[in-house]
Amino acid sequence: MIENKERLKNYINEINTALDEYLPIKDCREKNVVEASRYSLLAPGKRLRPILLLEFCNVCGGNEKAAMPFACAIEMIHAYSLIHDDLPCMDNDDYRRGRLTNHKVYGEPMALLAGDALLTKAFEIMLCQMDNSVINPNNIIKAAGFIASCAGMDGMIGGQVIDLENENKKADKDTLIDMHYKKTAALIKAACTAGSILAGSEYNEYVKAMQYAEKLGLAFQIKDDILDVEGDSAKLGKKTGSDENNNKSTFITLMGIENAKAEAEKLTNEAKKILLSFEKNEFLLYLTDLMLNRES
Ligand code: GRG
C-alpha cells in the first residue's frame, strides 16, 4: 500500500500533467486567452476537487485513470471561479495562489474571458468523453449534468449571489450555512458525487458521497474563513483580512473564532463517520483531516 503522503503527491503530479495536456500552449491569434487561462489553471493549488473525484471513483470500484478528464474539468471550473471571484467587481484581490491575480496580469477583459473559456472547456472535455471505452455514456451525461447543477445558479453561482447580497450586513446562521453550502460545498459535492457516478454507483451509493461532501465542504469553508483571519499570507499565497475588508459575514463574525474552530472540527468528524461505510477509506480519512489542519 502506497503511503497516503505519497499517494497525494502522485495524484497532484498526475493531475498537473493532465491539466497541462488538456490546455496546451497555442500559437494562434487568440493565444492570449490560452495563456491567461493556463496562468491561473496551472498555478499551484491543492487540487482538492480533482483528487476527490478520482478517489471517489476509485473507492466506488471505478477506473480512476478513465475519470481524469472529469477531474481536470472540475479543476477548470474551480480555476474559473477563482479568476472571477478576484475581479474588481467581486472581491478585488491582488494575489491568488502566490501570484498576482489574473486581471492584474492580463487585464479585466482578458481575465473575464479566461474564466469563461475555462468553464466552457470543462464541459467540452467532459462531453467529448462519450466514446470513452471504459465509462458508460449514460454515466458521463449524468456526471456532467450533476457538475453543471452544482456549478450554476442552484450551487456555486447561487452561493456567490447570497454572498454579494449580504455584504455590509450581519447574515444569520441559516443564511451563512446556505451561502457556504452553495458557494463552496457544492463544487466539492460535484467532485465526490461525479467520481462515484463515473464508477457506476447507483443513487443509494452516491448519496453517501454527497452527504460526506456537504460536511467536508462546510468545514472547508469555515477553515478558509479562519485562515483569512489568522493564517500566514506567505503560506496562503494571498492577502489575509479579505473578509473583513469586504465587510463579509463569516462563521467567525457570527460565533467567534473558537466556536468556528469547534464547528469545523465537529463537521470534519461527522464527514469521517460517513466515510466508514466505504471499504477503501484510508486515503479519504487522511485527506479529510489534512483539510482541517491545513495552513493554506
Ligand atoms: C461571474 C463575475 C462572476 C463571478 C462569479 C463563481 C464565483 C464568482 C465565485 C465562486 C465562489 C468562490 C470562489 C468560492 C470560494 C471557495 C474557496 C474556499 C476557494 C478556495 O479553494 P482552495 O483552497 O484553493 O481549494 P486552491 O488554490 O488550493 O485550489
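Residues numbered from 1 in each chain as written. Predicted model: local features only at pLDDT ≥ 70, side-chain atom pairs only at ≥ 80, totals over all residues. Heavy atoms only, no water.

Undergrad: Is there a simple way to explain the site of the ligand in this structure?
TA: Near the ligand there are 19 residues, and of these Lys-46, Arg-49, His-78, Arg-97 and Phe-220 occur at the shortest range. Within the side chain of Arg-97, a nitrogen or oxygen atom sits 2.8 Å from an oxygen atom of the ligand. Burial of the ligand by the protein amounts to 88% of the accessible area it has alone, namely 750 Å². Contributing elements (two or more residues each) for the shell around the ligand: helix H4 (68–86), helix H8 (156–165), helix H9 (173–198) and helix H10 (203–230). If one sorts the elements of the shell around the ligand by residue count, H4 sits on top with six residues. (Near = heavy atom within 4 Å. Polar contact = N/O pair within 3.5 Å; in protein donor to acceptor, adjacent residues only side chain to side chain. Areas by Shrake-Rupley, 256 points an atom, 1.4 Å probe, with all protein chains shown as cover. Helix = DSSP H or I, 4+ residues; strand = E, 2+ residues; numbered from the N terminus.)

Undergrad: Before we go on, may I ask you to explain helix H7 (residues 137–151) in this structure?
TA: For an α-helix, the turn length of 3.6 residues means that residues three or four places apart are oriented alike. With 15 residues, H7 should reach 21 Å at 1.5 Å per residue; the first-to-last C-alpha distance of 21 Å fits that figure. On its buried side, H7 packs onto H4, helix H6 (108–127), H8, H9 and H10. Its side-chain oxygen 2.8 Å from the backbone nitrogen of Asn-138, Asn-136 forms the N-cap of H7. (Expected span 1.5 Å × (residues − 1). Contact = heavy atoms within 4.5 Å.)

Undergrad: Can you walk me through the state of the cysteines in this structure?
TA: In protein chemistry, a disulfide is the covalent bond that joins the sulfur atoms of two cysteines. On inspection of all chains with the given rule, the structure shows zero disulfides. Lacking any disulfide linkage, Cys-28 is separated from the closest cysteine sulfur, that of Cys-128, by 18 Å. (Disulfide = S-S within 2.5 Å.)

Undergrad: What is the right way to look at a nonpolar patch on the surface in this model?
TA: Side chains of Tyr-95, Leu-100 and Val-105 sit close together on the surface and give an oily, nonpolar patch of about 240 Å² of accessible area. Turning to its location among the elements, Val-105 is positioned in helix H5 (residues 102–106). What makes Val-105 partly exposed here is its relative accessible area of 40%. (Patch = residues over 30% accessible without salt bridge, like charges linked within 9 Å, V, L, I, M, F, W, Y side chains within 5 Å. Salt bridge = Lys/Arg side-chain N within 4 Å of Asp/Glu carboxyl O. Buried < 20%, exposed > 50% of the residue type's maximum accessible area, 1.4 Å probe, protein only.)

Undergrad: Got a minute to help me understand the environment of Ile-15 in this structure?
TA: One can find Ile-15 in helix H1 (residues 4–22). By relative accessible area, which is 0% here, Ile-15 ends up buried. Distance from Ile-15 to Lys-238, taken between C-alpha atoms, is 23 Å for residues 223 residues apart in sequence.

Undergrad: Even after reading the chapter, I still don't get the packing of aromatic side chains, so can you show me in this structure?
TA: Geometrically, a pair of aromatic rings is defined through the distance of the ring centres and the angle of the planes. Tallied over the full model, the rule gives six aromatic pairs. Judged by centre distance (5.5 Å) and plane angle (75°), the rings of Tyr-39 and Tyr-106 are edge-to-face. One end of the pair, Tyr-39, is in helix H2 (residues 31–41); the other, Tyr-106, is in helix H5, and 67 residues separate them in sequence. A residue is classified by how much of its surface remains accessible, and Tyr-106, at 21% relative accessible area, is partly exposed. Considering the side-chain rings of Phe-56 and Phe-278, the 5.6 Å spacing of their centres and the 85° angle between planes classify their relative orientation as edge-to-face. Of the two residues, Phe-56 sits in helix H3 (residues 48–59) while Phe-278 sits in the loop between helix H14 (257–275) and helix H15 (282–292), which places them 222 residues apart along the sequence. Phe-56 sits in the buried class, given a relative accessible area of 0%. (Phe/Tyr/Trp six-rings, centres within 6.5 Å; stacked < 30°, edge-to-face > 60°.)

Undergrad: Quick question: what am I supposed to make of the pattern of salt bridges here?
TA: Should the charged atoms of two oppositely charged side chains come close, the side chains can pair. In this structure the tally under the stated criterion is 23 salt bridges. Its salt-bridge partner being Lys-215, residue Glu-270 comes within 2.9 Å of it at the nearest N-O pair. Linking Glu-270 in helix H14 with Lys-215 in helix H10, this pair joins segments that are 55 residues apart in sequence. Residues Lys-235 and Glu-295 are paired through a salt bridge, measuring 3.3 Å at the closest nitrogen-oxygen approach. Taken together, the residues span a long stretch of sequence, with Lys-235 in helix H11 (residues 233–236) and Glu-295 in the segment after H15 at a distance of 60 residues. Looking at Glu-295, the relative accessible area reads 48%, which means it is partly exposed.

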